[in-house]
Each structure stands twice: as C-alpha cells, then as structure tokens.
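Architecture and fold: a report
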Amino acid sequence: MNDVQSTQVSPTVAAIPMTAAKPPHPARELWSYFSQNRGAVIGLVIIILMVLAALFADVIAPHSPIEQFRDATLVPPAWQAGGSSKFLLGTDPVGRDMLSRLIHGARLSLVIGLVSVSLSLTVGIVLGLLAGYFRGTVEIAIMRLMDIMLALPSLLLAVAVVAILGPGLMNAMYAIAIVMMPHYARQTRAAVITEMSRDYVSASRIAGAGPLRIMFNCVLPNCLAPLIVQATLGFSEAILDAAALGFLGLGAQPPTPEWGSMLASAMEFIQSAWWVVTFPGLAILVSVLAFNLMGDGLRDALDPKLKR
C-alpha cells in the first residue's frame, strides 16, 4: 500500500505540460551576443550610415564632387570666419566642395573594400581548402608561396603589384586583394585541418562523397565563422591600403574623390587650410575604426569561447 502511494503523482505536477523550450533563432542569438558589445553596435551604426551615404550620394551631396568653383577656392568651413553656408565643410585648393567629395569618397571606399575582400576571400578560401584537404606537396607549395608573400611588408607588396600593373583604381583593388589573400588562405587551411578529423567527414567519405563535395558542402560551412570576422576586419585594411596607394599617387587618379588622393593633393596647404587635410583624415580614421569595432563584436558573438 505504501509503495502504491509513493508512486502516485499529484494532480498539480501531472498538470504541468512537459514541453521543451524552443531554441532561439540563430540570427536572434547572434544579435543578442553582438549587442552586448557597445563598441560593436556603434561601429555597425557608423557603417550603416556610410552605406546609406554611399547609396544616396548623388542625392545627399550638395554639389558634384568634381565641380570647381573658381571664385571659392580654399573657403573655410561654414562655422569659421570667412566660411559660407553653401560649402559646409569648405572647399579644396581648386574650389571643389569638401563635403560632396567626402560623401562620394565613402562610396568609393566601400566599393574598394567590397571588391578587394571578395577577391582575396574567394581565392584564399580555395587555396586554403586545397592545402588543408590534400596536404603533402600541394600544402607545401601553397603555404610556402603564402609565407613568401607575408614576408614582404603589405604596403611594399601592394606598391610592387601596382607598379607592374600600372596606377589606377582597379589595379589598386587587385593589389590590395593580393596582399590580403595569404591571411585567408592560412586561416582556411588551419580550420580545414581541424575539421578533417571530425566524424562527419569520415561519414561523408563512407557515404561516397567526393573531394569537392566534402570540401565545399561539408567542411567549408563549418569554417566560415572566423573567415567572416577576418573579412570584416579586411574591409578596414582595404580602405587603409587604398588610401595609402592614393596618397602615393598609385591608386585612384584625380579628380576621383578618393580620401587618400584628397590628402595627397592638399598636403602643401596643411598649415594655411587645415580642413582640406583634417576631414579626409577623419573619414579614414572613423571608417577604419568602425569596421574594426564591428569585427571585434562579430568575433565575440561567433566564437563560443568568448561568449559571456
């Protein structure tokens, strides 16, 4: 009798539904961890503003970026004595509106970052997959080439590539992509070597999957998290390298409104007209900082070891 009573379940307990909690959506979980980093959120907001300014540059910019106002050269910003409300951030040495050129320069910088990172990420992933999957001679050949490229200073390598291809915006993008490619190749190789020891890879081989299917359908999706973070940080590196090449006269050529070339054309006026150097420099600083902050936030959100 006592055993029967001990096995009885109270009505209150029996009425409780035994349903498992629904796991959060991956995107919602990612945003939950990402939003805990205040700096990353600030960087994301700045990047969104940059993208909007780039998309609607023709509408937002008060003037054409290449239009010259000969009677308004080196006009100071509107809040300074001698400034004009027509040119809120002043004009450059040939009378072009600084604000318009900065807005269109944001479009150019984002295009440079997108093209350079896409090229370097694609080639780097392919090389890293080949090196990590086949190992042996293939791995040695690819990795030694990447080591040689990494042994050279990035700016020097970019200058050498542009010197071979010729100055210009598109060639500068190719040079930046070549400079960044070894980082993605090495990171992909390391992630592939780790994933190749997993049970799901062995199961895929037993099921008859070929090398291409294993590399691209099985292994690559599990290696994307660190690559996404590296690509985000690569945007800032691409913007910085493009500005350096433009400053040296090897990137975008005048009158293209590129921030680095704007700095180069205004260096002689650094003491007499501070705004022609300060505003392009601030644009480079803020954009690079924003991508770095967002990259740090993505790293914290995608890496389980860093999740709080």
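Residues numbered from 1 in each chain as written. Predicted model: local features only at pLDDT ≥ 70, side-chain atom pairs only at ≥ 80, totals over all residues. Heavy atoms only, no water.

1. A few points about the packing of aromatic side chains
The criterion, for reference: Pairs were defined over the aromatic rings of Phe, Tyr and Trp, the Trp ring being its six-membered one, requiring ring centres within 6.5 Å. Orientation was assigned from the angle between planes: stacked under 30 degrees, edge-to-face over 60, tilted for the rest. Under the scheme used here, helices are H or I runs from DSSP no shorter than 4 residues and strands are E runs no shorter than 2 residues, and both carry numbers assigned from the N terminus. Only protein chains enter the accessibility calculation, which uses a 1.4 Å probe. A residue is then buried if its area is under 20% of the maximum for its type, exposed if over 50%, and partly exposed in between.
Applying the stated criterion across every chain yields a total of seven aromatic pairs. Where Phe69 meets Phe87, the ring centres are 5.1 Å apart and the plane angle is 65°; that geometry is what we call edge-to-face. Highlighted residues: Phe69 in the loop between helix H5 (57–60) and helix H6 (98–134) and Phe87 in the loop between H5 and H6, separated in sequence by 18 residues. Overall, the relative accessible area of 4% leaves Phe87 in the buried class. Measuring from centroid to centroid gives 5.1 Å for Phe235 and Phe291, while their planes differ by 15°, and the two rings are stacked. Taken as a pair, Phe235 in helix H12 (residues 224–247) and Phe291 in helix H14 (residues 275–302) lie far apart in primary sequence, 56 residues in all. A relative accessible area of 17% places Phe235 in the buried class. In textbook terms, an aromatic cluster arises when at least three aromatic residues are bridged by ring pairs, as seen for Trp79, Trp274, Trp275 and Phe279.

2. Concerning a nonpolar patch on the surface
How we decide: Residues forming no salt bridge and having over 30% relative accessible area are the ones grouped into patches, like charges within 9 Å of each other and nonpolar side chains (Val, Leu, Ile, Met, Phe, Trp, Tyr) within 5 Å. All accessible-area figures derive from a Shrake-Rupley calculation using a 1.4 Å probe, and residue coverage is judged against the displayed protein chains alone. By salt bridge we mean one thing: a side-chain nitrogen of Lys or Arg within 4 Å of a carboxyl oxygen of Asp or Glu.
Together, Val45, Ile48, Leu49, Val51, Leu52, Leu55, Phe56, Val59 and Ile60 make up a nonpolar patch on the protein surface, roughly 850 Å² of accessible area in all. In terms of residue count, the dominant contributor to the nonpolar patch is helix H4 (residues 38–55) (six residues). The residue Ile60 is located in helix H5 in this model. Taking the relative accessible area as the measure of exposure, Ile60 reaches 47% and is therefore partly exposed.

3. Describing unusual backbone geometry
Along the chain, Pro254 connects to Pro255 via a cis peptide bond; the corresponding omega equals 5°. As for its position among the elements, Pro255 is in the loop between H12 and helix H13 (259–265). Positive phi values are uncommon outside glycine, yet Arg135 reaches one of about 55°. Locating Arg135 in the fold gives a position in the loop between H6 and helix H7 (136–151).

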